[in-house]
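Take a look at the letters that make up each chain.
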Amino acid sequence: MWYTPKSEQSNQLDVIFSDLYVECRRAAPGAQLSYNVRNILERLPRIERKLIVSRKKEGCAPLFLGCKKGNVEIVEYLIQVCDADVEQRGVYEVSDDHSVHVVTPLWCAAVAGKLSVVRCLVEHGANVNSLSDTGSTPVRSACFMTHFEIVKYLVENNADIQKPNYNGGTCLINSVQSVPLCKYLLKHGADVNAQDIQFKTALHYAIQEHRFETTTLLLAHGANPLIKSRYGDDALQTACLKGARQIFEYLIKHGGYSHERIADAYDLMGTTFIDDHNDTQNALFYWRKGFEYRQYHCLPNPQPQPVVGKPSYMVEVQFQTLEDYENLVLDVDARRMQSLVICERILGLSHKDLIFRIMHRGAAYADSLEYQRCIDLWQYALELRIKKDSLLHPETCFASQALVQLLLDLYEKHEVGILREELQYRDVIQTVRLLFSQFDNTMKLLSIRPVFKRQQDGFDKILKIITHLFYILHVIPKTEEQDMEMKKIICGILRMNPCNSAGDSLLHLVVSKSNTFRSNSFFEEPHTTSLFPSPNVAHLLIECGSNVEATNQNMSTPLHFASLRVNFNPQVISILLKHGAHLDHRNSNGNQPYRMLAGNSEATISPLQYITLKCLAARKIIEKRIPYVGRIPVTLESFIEIH
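Residues numbered from 1 in each chain as written. Predicted model: local features only at pLDDT ≥ 70, side-chain atom pairs only at ≥ 80, totals over all residues. Heavy atoms only, no water.

**Observations regarding the overall build of the protein**
The criterion, for reference: A helix here means a DSSP run of H or I that spans at least four residues, while a strand means a run of E at least two residues long, and both kinds are numbered starting from the N terminus. With a 1.4 Å probe rolled over the protein chains alone, any residue whose accessible area is under 20% of its type maximum counts as buried; one over 50% counts as exposed, and the rest are partly exposed. We call two residues in contact whenever any of their non-hydrogen atoms come within 4.5 Å of each other. Note that accessible areas follow from Shrake-Rupley with a 1.4 Å probe, and for residues the cover is restricted to the protein chains shown.
Counting secondary structure elements, the protein contains 32 helices and 2 strands. Counting every position in the protein, which comprises 643 residues, the buried fraction comes to 51%. Within the protein, contacts between residues at least 6 apart in sequence are counted, and of these 69% link residues at least 24 apart. Summing over all exposed atoms, the protein offers an accessible surface of approximately 31000 Å²; the carbon and sulfur share of this is 51%.

Structure, rendered in C-alpha cells:
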C-alpha cells in the first residue's frame, strides 16, 4: 500500500505555507492568490488547509497579512475555503507612532483603513468589540486614525463607542482631531465627560492640541470645563499651560470662572510664553493684563510665598507694583525667575509642569555655561521630585542623573582649564544628602514583595549615581572639616548596606568598569567616560567601613569583580587584598580570584603574599573532602565554606 511518510508530508505542508505566506505578503492591493497556490490548497483535505492558514511567521498568519494590505479577495478566500480563524491574533505596527500591538484581523483592518476587509470580516462573524493587547477596540483605534467610514460601519454593527482601553481612553478622546467624527460620536451617545486614568476628558485633549472647533463643540454638548486632571488642571489651566490663546480667550468669556482664577490665568499664560516659546513680548503682555485685571476688579495682588525669595529662584518674588513690572522689561534673568515663581504659586510644588520647567530652565543656563544657576535649579527640582514621588520613580532617577552629569561636566571642564568656575563642595554634598535622606524609606519599600522591576531598576540607577557622587567628593578640594563630614555621611550610607538587584554592594560597583551612565536628553554630548574601577573611591569606601568580603547573589566578592580582565586595575586589587579580601574565596560558579588573576599576564601580584596557612589548610579540607562540620568551631566552618 502506497503512503507518504510523515516527515515528507510535513515538508510539503511547510512549502505550501511558505508559498502562501509570500504571496499574501507581496500581493498588490486588490490582488488574489495565484492559480497555482489555490490549486494546491484545494487539493488538500479541509482540515489540512485550516492547519496551514493557522500557521504564523513573524507573528502573523496569512489572513492577518491579507487584512493589513486590504486584499479582500484573499481574505474572503482564506475564510471561506480554508476556514481561517477570524479572531486569530497577529502583530501590528502602527505607522504613525511605530507602536507594536497584538490584535485581531478586524482591529488590523480597521486601523489600516481597509473598509472592504472590515465588512468582509464582520459578515463572517468577527467580534466588533474584540480587544487588543492594550484593551482597545477596533472602533476606538479607527477613531484615532480618523477612518470615519469604518467608524460608522462598526457603530452600525453594534460596536461599543463607550468602551475605553486599559488607560481609560475613549473613542471621543481619540477623535478630538476630527470635528465631524466628534459630532458623529456625540450624536450616538458618547459620554462627553468620560475620564481616562489621568482624569482627563476629551476637552483636555482637544485643548492640548489647540483644537478650537472641537473645544467649542464639546462645550456645546455639555463638556464640564471645571473637571480637573490628575495634576489639578481644568480646561482653563490646560489652555494656559499649552499656550492655546484662542481657546484661552474663549474660556475666559464663556467658562464661568471667578475673577481670581482669570487673573491667575493671565499670569500663568505669560509663563508659558517665557518658558516654552521664549516670547518676552507676549509674556509681558499677559502679565500686564493680569495686573490690570486685578486692579480693575479690586483684587489684592498675590502675596509671595515665602515673602523672602528662594535662593534657587535668585530670591525673586512676584512683582507687586507697576514699577516692579517695568523692571522686568529690562532684566532677562528676573523675567525667567518671575515665570517660575508664578508657576509655583499657581500650580503648586508637586505639579509635573513646574518641575519640568525648572529642569528646562536649568538646562538653558547650563548651555550658556552658567553652571551655578543650573545646579541651584536642578537641586531644587530634585528635592521637589523626591517629595512628590520617591527615589524609585523614573523621573527622580532622570533628575538625579542630569544633576550628577552636570557636576562631572563642571569639574572636568575646570580641570582642563575651559572654565574658571570651580565645583563647590557644598553643591555635591547637598546632592548626596538629598538622595541619602530617602534611603531608609526606599529600602523599606523594596523589602515589600513583589518588587516591581521598574522600581528596582530605579534604585540600581540611584546607587550608580551615588558612587559617581563619591568620586566627585573625593577629587574636589575640601577642608579637613568637610572631609570629616563627607566620611560621616558615607559611613551612614554604608551602614544601611544598600545593594542593587544583583546583590552588588557599593564597593562592587566602584571596582567595575560597567558602572557608567547612559545618555541623558538634557545633554547633547552625555558624560560617557568611565570613572571606574577607581582605586581611590574603593579605598574611601573601605576606610568608611565597606565590607571587602561582601558577596552578591552569585557569591562574588568585590575582588571577583576586580579580577575580571575587563575590570583589572592593579591598584584596586592591591587595596582590596591589603584590607583582607580573600584570593581563594569561591563564588557560585566555582571561580576564585587567584585563578582568575593567574590567567592575566598583566597581574604581577604574588598570591603567596596574601594566602595564609589557614587558607591553605581550608583548601586541603575542601579538596580532600575531609568532614569538618561539628568537629571545629562554628566560626571556622564558615571560613572553610568560602574556599
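**Considerations on the nonpolar core**
Selection rule: In these notes, a set of buried Ala, Val, Leu, Ile, Met, Phe, Trp, Tyr and Cys residues joined through side-chain atoms within 4.5 Å is what counts as a nonpolar core.
If you look at the biggest cluster of nonpolar residues, it comprises 197 residues, and the most contacted ones within it are Leu78, Leu121, Leu154, Leu185, Phe248, Ile472 and Leu576. When neighbours within four sequence positions are excluded, Leu78 is seen to be in contact with Leu20, Cys24, Leu33, Val53, Pro62, Leu63, Asp83 and Ala84.

**Looking at the pattern of salt bridges**
The criterion, for reference: Salt-bridge detection follows one rule: a side-chain nitrogen of Lys or Arg within 4 Å of a carboxyl oxygen of Asp or Glu.
Evaluated as defined, the whole model comprises 26 salt bridges. Where Glu209 meets Arg211, a salt bridge forms, and the shortest distance between an N and an O atom there is 3.3 Å. For Glu209, a relative accessible area of 38% translates into the label partly exposed. The residue Lys487 makes a salt bridge to Asp483 at a minimum N-O spacing of 3.2 Å. You can see Lys487 and its partner Asp483 sitting in helix α25 (residues 480-495), 4 residues apart, about one turn around the helix. Classification of Asp483 by relative accessible area gives partly exposed; the value is 22%.

**With respect to a nonpolar patch on the surface**
Applied cut-off: A residue counts toward a patch only above 30% relative accessible area and without a salt bridge, and it is joined to like-charged neighbours within 9 Å or, for Val, Leu, Ile, Met, Phe, Trp and Tyr, to nonpolar neighbours within 5 Å.
Among the surface-exposed residues, Val91, Val100 and Val102 lie close enough to one another that they form a single nonpolar patch of about 210 Å² accessible area. With respect to the secondary-structure elements, Val100 resides in strand β2 (residues 100-103).

**Quick look at helix α6 (residues 105-112)**
Buried residues dominate α6, accounting for 7 of its 8 residues. Within α6, the full set of buried residues consists of Pro105, Leu106, Trp107, Cys108, Ala109, Ala110 and Val111. Packed against the buried residues of α6 are α4 (62-69), β1 (90-93), β2, α7 (115-123), α8 (138-144) and α9 (148-156). Following α6 by one or two positions, Gly113 adopts a phi angle in the positive range, close to 80°.

**Brief notes about the packing of helix α21 (residues 394-415) against helix α24 (residues 453-475)**
So the rule is basically this: Angles run from 0 to 180 degrees between N-to-C directions of axes, and those axes are lines fitted to C-alpha atoms, restricted for helices to the stretch in contact. In these notes the angle categories are as follows: under 35 degrees is roughly parallel, over 145 is roughly antiparallel, 65 to 115 is roughly perpendicular, and the rest is oblique. Rotating anticlockwise by less than a right angle from the far helix to the near helix defines a left-handed crossing, while the corresponding clockwise rotation defines a right-handed one. By the convention adopted, Pro, Cys, Tyr, Trp, Phe, Met, Ile, Leu, Val and Ala count as nonpolar, Lys, Arg, Asp and Glu as charged, and the other residues, Gly among them, as polar.
Interhelical geometry of α21 versus α24 gives an angle of 20° and a closest axis separation of 10 Å. Classified by the angle their axes make, α21 and α24 are roughly parallel. Every pair of crossing elements has a handedness; the one defined by α21 and α24 is left-handed. Seen from α21, the contacting residues are Pro394, Cys397, Ser400, Gln401, Val404, Leu407, Leu408 and Tyr411; seen from α24, they are Arg454, Gly458, Lys461, Ile462, Ile465, His468, Leu469, Tyr471, Ile472 and Val475. Residue classes in the contact of α21 with α24 are distributed as 12 nonpolar, 4 polar and 2 charged.

**Comments concerning the pairing of β2**
The criterion, for reference: Two strands pair if DSSP finds at least two bridges between them.
Here β2 shows one buried face, formed by His101 and Val103, and one open face, formed by Val100 and Val102. Relative to β2, β1 runs antiparallel, the two sharing 4 bridges. Among the inter-strand pairings, Glu93 is bridged to a residue of β2, identified as Val100.

**With respect to unusual backbone geometry**
Looking along the chain, the bond that leaves Phe532 and enters Pro533 is cis, with omega of 5°. Secondary-structure assignment places Pro533 in the loop between α26 (506-510) and α27 (535-543). Notably, Asp83 is not glycine yet its phi reads approximately 55°, a positive angle. On the secondary structure map, Asp83 appears in the loop between α5 (72-80) and β1. Residue class for Asp83 comes out partly exposed when judged on its relative accessible area of 27%. Phi is positive for His210, which is not a glycine, with a value near 60°. Its place among the elements puts His210 in the loop between α11 (202-208) and α12 (212-220). Given the relative accessible area of 42%, His210 is considered partly exposed.

**A look at the packing of aromatic side chains**
Quick note on the threshold: Here a Phe, Tyr or Trp ring, Trp counted by its six-membered ring, pairs with any other such ring whose centre lies within 6.5 Å, and the pair is stacked when the planes are under 30 degrees apart, edge-to-face when over 60, and tilted otherwise. In this scheme, Lys NZ or Arg CZ marks a charge over a ring once it lies within 6 Å of the ring centre and within 35 degrees of the ring normal.
Applying the stated rule across the entire model yields 16 aromatic pairs. Three or more aromatic residues link up through ring pairs in this structure, and these residues are Phe248, Tyr266, Phe273, Phe285, Tyr286 and Tyr293. The positively charged end of Lys68 is found above the aromatic ring belonging to Tyr92, 5.2 Å away from the centroid. The cationic tip of Lys352 hangs over the ring face of Tyr231; the distance from NZ or CZ to the ring centre is 5.4 Å.

**Looking at the environment of Ile472**
With respect to the helices and strands, Ile472 occurs in helix α24. Spatially, the C-alpha atoms of Ile472 and Tyr425 are 9.0 Å apart, while their sequence positions differ by 47 residues. Residues within four places of Ile472 in sequence aside, it is in contact with Val404, Leu407, Leu408, Leu423 and Val428.

**What about α7?**
Of all the residues in α7, the buried ones are Val117, Val118, Cys120, Leu121 and Val122. Taken together, the buried residues of α7 touch α4, α5, α6 and α9.

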